[in-house]
There are 2 protein chains.
Amino acid sequence: MAAKRPFTPRSEDFPRWYQEVVQAADLAENAPVRGCMVIKPHGYALWENIQSPLDRLFKETGHQNAYFPLLIPQSFLDKEADHVEGFAPEVAVVTHAGGKKLEEPLVVRPTSETVIGHMFAKWIQSHRDLPLLINQWANVLRWEMRPRLFLRTTEFLWQEGHTAHANAEEAEEETLRMLDIYAQVAEEYLAIPVRRGVKSRIETFPGAERTYCIEGLMQDGKALQMGTSHNLGQNFADAFDIRFQDADGERKLCHTTSWGVSTRLVGAVVMAHGDDRGLILPPRIAPIQVAIVPIFRKDDDKAAVLGKAVELAAALKDAGILVRLDDREQIKPGAKFFEWEKKGVPLRLELGPRDLEAGQAVAVRRDTGDKAPIAFEGLADTIRRELDDIQKGLFERATRFRDEHTHQASSFDEFVQLLEGPGGFVEALCDGTDETERAIKEKTKATIRIVLEDGDDLGACILTGATATRRALFARAY
Amino acid sequence: MAAKRPFTPRSEDFPRWYQEVVQAADLAENAPVRGCMVIKPHGYALWENIQSPLDRLFKETGHQNAYFPLLIPQSFLDKEADHVEGFAPEVAVVTHAGGKKLEEPLVVRPTSETVIGHMFAKWIQSHRDLPLLINQWANVLRWEMRPRLFLRTTEFLWQEGHTAHANAEEAEEETLRMLDIYAQVAEEYLAIPVRRGVKSRIETFPGAERTYCIEGLMQDGKALQMGTSHNLGQNFADAFDIRFQDADGERKLCHTTSWGVSTRLVGAVVMAHGDDRGLILPPRIAPIQVAIVPIFRKDDDKAAVLGKAVELAAALKDAGILVRLDDREQIKPGAKFFEWEKKGVPLRLELGPRDLEAGQAVAVRRDTGDKAPIAFEGLADTIRRELDDIQKGLFERATRFRDEHTHQASSFDEFVQLLEGPGGFVEALCDGTDETERAIKEKTKATIRIVLEDGDDLGACILTGATATRRALFARAY
């Protein structure tokens, strides 16, 4: 059989491959309003499966969900100088409503620090009200000039955690705790290894003291920021007057944090694991873990094969495995294989008359293409082991790729060669100034993804040759 | 002990009671933008517990979740004449974004028939693509002049189902199937009995052929529309060109439906069950089902009582019961009782030194105030039975109230007396014209909640005395 070429190969044009796969796998497509997207059922189910462990871990660590309004008075944004400067160019503004011009324009939330800060100031009176640990699942809008499905869209879905604490230590602990949860979900569920650490000043969230992030490496050698956790210090507490009466009777300013991950994570899964035949989904977040395709030529075989397929599907379902029996008529098995393949279903079970006789089905792994018979006897257990193995295999493959694409550069020439050649993460020394960071970006398109180390004299800056006070992880990034 | 009067009694001022309870129970409060609300953790947890059975039932009936954009081009709304007439006065309009004036104003979705219709037209090609069964959980905006927390807010959270079918019969079946699911969740989870049926033309969704609804009766005798299911006929299919190639090769227009329930349901729970001491939550949707309050005077008793309380809480948790051990120091038991009472927790367990000796805790039911000892032995089972009994009791009480507040009026005088007196549902005959319906509303503030029967000659219209062609369920409503 001639090899089909369903998609532009990744090696040829990665962005195009990405776009083709996202659409062909029915994850999402462009909405009529430029920059916005429609998340289709397969993409949304994937997002629900990413939300689920996050929501559980948030709740297990004492956070409660709440919901804050979509519309924010323009004047709120203005209260934190860095914040308004960072977001003003991106916001959508409601000027008319209910058939009239509004007295004050309302901003569609690009993020909710301001309005939540306003509410926290009302809710927090005493040290007994702290820590206040809130999360919300919501849509946000940031006007996007160069949109890309899931990665950069004007509207996206996310969660934003917002917390208030009595002192700096607890706020820092919270910021790092949530970063850990993000890393855990990325690695254990999305099967994407991440580097974690603090951002440089240039890359810090507008209004934050420190931004921590997790960074994944995609197959084109570009980094993707997969989640951020901000220690906001007392900046927003000051702007919104979030104070508490401490045990000593004194009124003190709170320390606040915020942290978020978004539907961008769906894009991360596509780019970290997919191949030239389409999506490859980690079993722990796959909406369908096993697709059963019955195969028969003669009508005589149909009843027996379908009957067994129904039985197997029921057994797997009972065992808590997400199974889809593809019993559609008028569609040939080959077309079904192709469909579940491009949609990333981790395991396909083929079942024909001869398999029935042999008491087995043929399992085909999406990640390796390996084909092997699986006995009906103990089917659910075997499949559960196989799914665990795929989950593990994807994480190991992505880790190997990441490690093979992480290098040290000791000169600017080497730095450029590494970025141009294998791509990926490049660790290098720099003098720690904003100017140098910007110059490196301008010359190479690489940015500091994570600050690895700050010190008095770590060597020489790869760009300026001046004393290096910083070792950083660079990459070109989404 | 002198009776506390935490809230304005319902009999004195029901709207004020409602507002006080919603705020005191930490369900929600007003947002800085007029008409919008902040849903606080207790209110949001309640909403999550309402979402959960709905989402499960949608999926069990073959629906898939997806997500469509918040912003809709103004021109989309204009495509369906009734629809734009119905919603234009309520929409919020984005005129500026990304620092520029937009070429075409964008409407913040008041509902998504138009943009989903646009997408359906792309997705549906063949009869094999039908039925297409989609749901989305989202926020919507409808500018509200007389806002009330949960009941009427400018922004609210909801789900909106949208489906497309090959013929009228299937669309009608779907419309009624979803109405049934709404009624099931209202009765089995929210413990609110509902009347279900079709709306009059005046009350029909703009653009729909027929709107079905479920109507609950609140304790002030006013009806609350708790959910609607619309058979849209071919109106939106025509406006957005949603067509399919049928098995006979012909291109045909689809029949579509839409259906939704919103955070208004939280308000329904408050108004259907609450009393003058606060919220009363049905156990199946209560975020906390059992609150354990340890009681001790002497420090000697503290360790033993707290130790047992921790043990009981763990046992209940293991049994799948949502339990909160209230071990806060510096807050007296009486204040804790009061707090869990106003927040509607179905069952309180009091545990003191003498209870320990007797091998029991004292259970206090929120719905009846009944107090009874429960043995530690078999505690989880006893409590599960008790919770079931509370759930059943609330439904029965609300049903009794509803039945006692449902009357027949055979004259207009009687109609008015019934509305002014006991309030509630009044069944009456009318001539079936829009004019009469409007006149009745103007004179009595009562509207047709459900059309009970249409016929050639059912008697005489209570208002005009003309031949009655309609028997309808009237009520004053939210």
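Remember, it's a predicted structure, so these values are computed and weren't measured experimentally.

### With respect to the interface of chain A and chain B
Listed as interface residues are 51 residues of chain A and, on the opposing side, 51 residues of chain B. Counting each side, the surface lost to burial between chain A and chain B is near 4100 Å², with a carbon and sulfur contribution of 66%. Among the residues chain A hides against chain B, the three largest losses belong to Pro32(A), Pro41(A) and Tyr67(A). Together they make up 14% of the total. For the interface between chain A and chain B, the tally reads two salt bridges.

### As for the packing of helix 2 (residues 41–60) of chain B against helix 6 (residues 168–188) of chain B
Residues and elements named next belong to chain B. Contact geometry for helix 2 and helix 6: axes closest at 10 Å, N-to-C directions at 150°. Overall, the two elements helix 2 and helix 6 adopt an arrangement that is roughly antiparallel. Both helix 2 and helix 6 take part in a crossing whose hand is right-handed. On helix 6, the residues touching Pro53, Leu54, Leu57 and Phe58 of helix 2 are Met178, Ile181, Tyr182, Gln184 and Val185. Within the contact of helix 2 with helix 6, the residues separate by chemical class into eight nonpolar, one polar and no charged.

### Observations regarding the relation of the copies chain A and chain B
Mapping chain A onto chain B leaves a residual RMSD of 0.0 Å; the transformation is a rotation of 180° accompanied by 0.0 Å of translation along its axis. In symmetry terms, the pair is related by a two-fold rotation axis. Proximity to the rotation axis, assessed at the C-alpha, singles out Val94(A) in chain A; its C-alpha lies 2.1 Å from the axis. Counting the interface residues of chain A, we find that 100% of their copies in chain B are interface residues as well, pointing to one common contact surface.

### Examining the domain arrangement of chain A
Residues and elements named next belong to chain A. Along its sequence, chain A is organised into domain 1 (14–273), domain 2 (290–390) and domain 3 (407–476). Taking the mean C-alpha position of each, domain 1 and domain 3 sit 28 Å from one another. Carbon and sulfur atoms make up 55% of the surface buried where domain 1 meets domain 3, a total of about 1400 Å² over both sides. Inspection of the domain 1/domain 3 interface yields three salt bridges. Between Glu427 and Arg195 there is a salt bridge whose closest N-O contact spans 3.3 Å. Connecting domain 1 to domain 3 are eight residue pairs in polar contact (both at pLDDT 80 or more). Within the residue set of the side of domain 1 that touches domain 3, elements represented by two or more residues are strand 9 (195–198), strand 10 (210–217) and strand 11 (223–231). Within the side of domain 1 that touches domain 3, the residues separate by chemical class into five nonpolar, five polar and seven charged.

### Regarding the sheet that holds strand 18 (residues 360–365) of chain A
Residues and elements named next belong to chain A. One open sheet accounts for five strands, arranged 16-15-17-18-19; its pairing is mixed. Only two strands of the sheet have a single neighbouring strand rather than two, namely strand 16 (323–325) and strand 19 (371–375). Neighbour-to-neighbour, the strand axes of the sheet open up by a mean angle of 25°, direction not taken into account. Two strands pair when backbone bridges link them, and strand 15 (residues 290–294) and strand 16 are joined in this way by three bridges, in the parallel orientation. In the sheet register, Ala291 faces strand 16, and the bridge partner there is Arg324. Contacts from helix 10 (residues 333–342) reach strand 15, strand 16 and strand 17 (347–351), with the element oriented near 175° to strand 15. Lying on the sheet, helix 12 (residues 379–404) is in contact with strand 15, strand 17, strand 18 and strand 19; it crosses strand 17 at an angle near 145°.

### Considering the side chain of Thr257(A)
Residue and element names in this part refer to chain A. Take Thr257: it is sitting in strand 14 (residues 255–262). A distance of 2.6 Å separates polar atoms of two side chains, one belonging to Thr257 and the other to Thr163. Not counting residues within four places of it along the chain, the set of residues in contact with Thr257 comprises Gly161, His162, Thr163, His165, Ala171, Glu174, Thr175, His230 and Leu232.

### Concerning the packing of aromatic side chains
Under the counting rule described, the total for this entry stands at 26 aromatic pairs over all chains. Here Phe76(B) and Phe240(B) contribute two aromatic rings whose centre-to-centre distance is 6.0 Å and whose plane-to-plane angle is 55°, an arrangement assigned as tilted. Separated by 164 residues along the polypeptide, Phe76(B) in helix 3 (residues 74–77) and Phe240(B) in helix 7 (residues 235–240) bring together distant segments of the chain. The exposure classification of Phe76(B) matches that of Phe240(B), with both residues buried. Consider the rings of Tyr182(B) and Trp259(B), whose centres lie 6.4 Å apart with planes at 65°: the pair is edge-to-face. Of this pair, Tyr182(B) sits in helix 6 while Trp259(B) sits in strand 14 (residues 255–262), placing them 77 residues apart in sequence. Judged by relative accessible area, Tyr182(B) falls into the buried class, the value being 2%. Cluster of aromatic residues (ring-pair linked, three or more members): Trp47(A), Phe58(A), Trp137(A), Tyr182(A) and Trp259(A).

### With respect to the pairing of strand 11 of chain A
In regular strands, side chains alternate between the two faces of the sheet. Residues and elements named next belong to chain A. Across the nine residues that make up strand 11, a large majority, eight, are buried. The sheet contact formed by strand 10 and strand 11 spans eight bridges and is antiparallel. Along strand 11, the bridge assignment pairs Leu217 with Ala223. Connecting strand 10 to the antiparallel partner strand 11 that follows it, the hairpin turn spans five residues, and Gly221 within it adopts a positive phi of roughly 85°. Pairing geometry for strand 11 and strand 14, over four bridges, is antiparallel. Bridging across to strand 14, Asn231 finds its partner in Thr257.

### Some thoughts on unusual backbone geometry
Residues Leu130(A) and Pro131(A) are joined by a peptide bond in cis, for which omega reads -10°. Tracing the backbone through its elements, the reader meets Pro131(A) in the loop between helix 5 (113–123) and strand 7 (132–141). Despite not being glycine, Ala191(B) has its phi angle at roughly 60°, a positive value. With respect to the helices, strands and loops of the structure, Ala191(B) is situated in the loop between helix 6 and strand 9 (195–198). Note on Ala191(B): relative accessible area 0%, which makes it buried.

### Topic: helix 8 (residues 264–273) of chain A
When you tally the buried positions in helix 8 of chain A, you get 10 out of 10 residues, the bulk of the element. Tucked into the core, helix 8 of chain A has its buried residues touching helix 1 (14–24), helix 2 (41–60), strand 11, strand 14 and helix 12 of chain A.

Rules behind the numbers
- Position numbers for residues start from 1 in each chain and track the written sequence from start to end.
- Starting at A for chains and at 1 for ligands, labels are handed out in the order in which the entities are written.
- Note on the predicted model: pLDDT of at least 70 is required for a residue's local features to be given, and 80 or more for side-chain atom pairs to be given and counted; whole-chain, interface and lining totals, by contrast, use all residues.
- Note: side-chain values were computed over all heavy atoms of the structure, leaving out hydrogens and water.
- Should any heavy atoms of two residues lie within 4.5 Å, those residues are counted as being in contact.
- Reported buried area values correspond to the accessible surface (1.4 Å probe) lost by two parts on association, with both partners' losses combined.
- The salt bridge criterion pairs a side-chain nitrogen of Lys or Arg with a carboxyl oxygen of Asp or Glu, the two atoms within 4 Å.
- To obtain an axis, a line is fitted to C-alpha atoms, over the contacting stretch when the element is a helix, and the angle between two such axes runs from 0 to 180 degrees between their N-to-C directions.
- Starting at the N terminus, helices and strands are each numbered in turn, a helix being any DSSP run of H or I of at least four residues and a strand any DSSP run of E of at least two.
- Roughly parallel means an angle under 35 degrees; roughly antiparallel, over 145; roughly perpendicular, 65 to 115; everything else is oblique.
- In this scheme the handedness of a crossing depends on how the near helix is turned from the far one: anticlockwise by less than a right angle means left-handed, clockwise means right-handed.
- Only Asp, Glu, Lys and Arg are considered charged in this grouping, and only Ala, Val, Leu, Ile, Met, Phe, Trp, Tyr, Cys and Pro are considered nonpolar; every other residue, Gly among them, is considered polar.
- Here the copies are matched by least squares. The fit uses the C-alpha atoms of residues with pLDDT of at least 70 in both.
- These domain limits were set by an automatic method or by a database of domain assignments.
- Throughout this description, a polar contact denotes any pair of N or O atoms lying within 3.5 Å of each other; where both atoms belong to protein, one of them has to be capable of donating a hydrogen while the other can accept it, and for residues adjacent in sequence the pair is counted only when both atoms sit in side chains.
- Strands qualify as paired when DSSP identifies two bridges or more between them.
- Only the six-membered ring of Trp is used, alongside the rings of Phe and Tyr, when aromatic pairs are assigned; centres must lie within 6.5 Å, and planes under 30 degrees apart are stacked while those over 60 apart are edge-to-face, with the rest tilted.
- Only protein chains enter the accessibility calculation, which uses a 1.4 Å probe. A residue is then buried if its area is under 20% of the maximum for its type, exposed if over 50%, and partly exposed in between.

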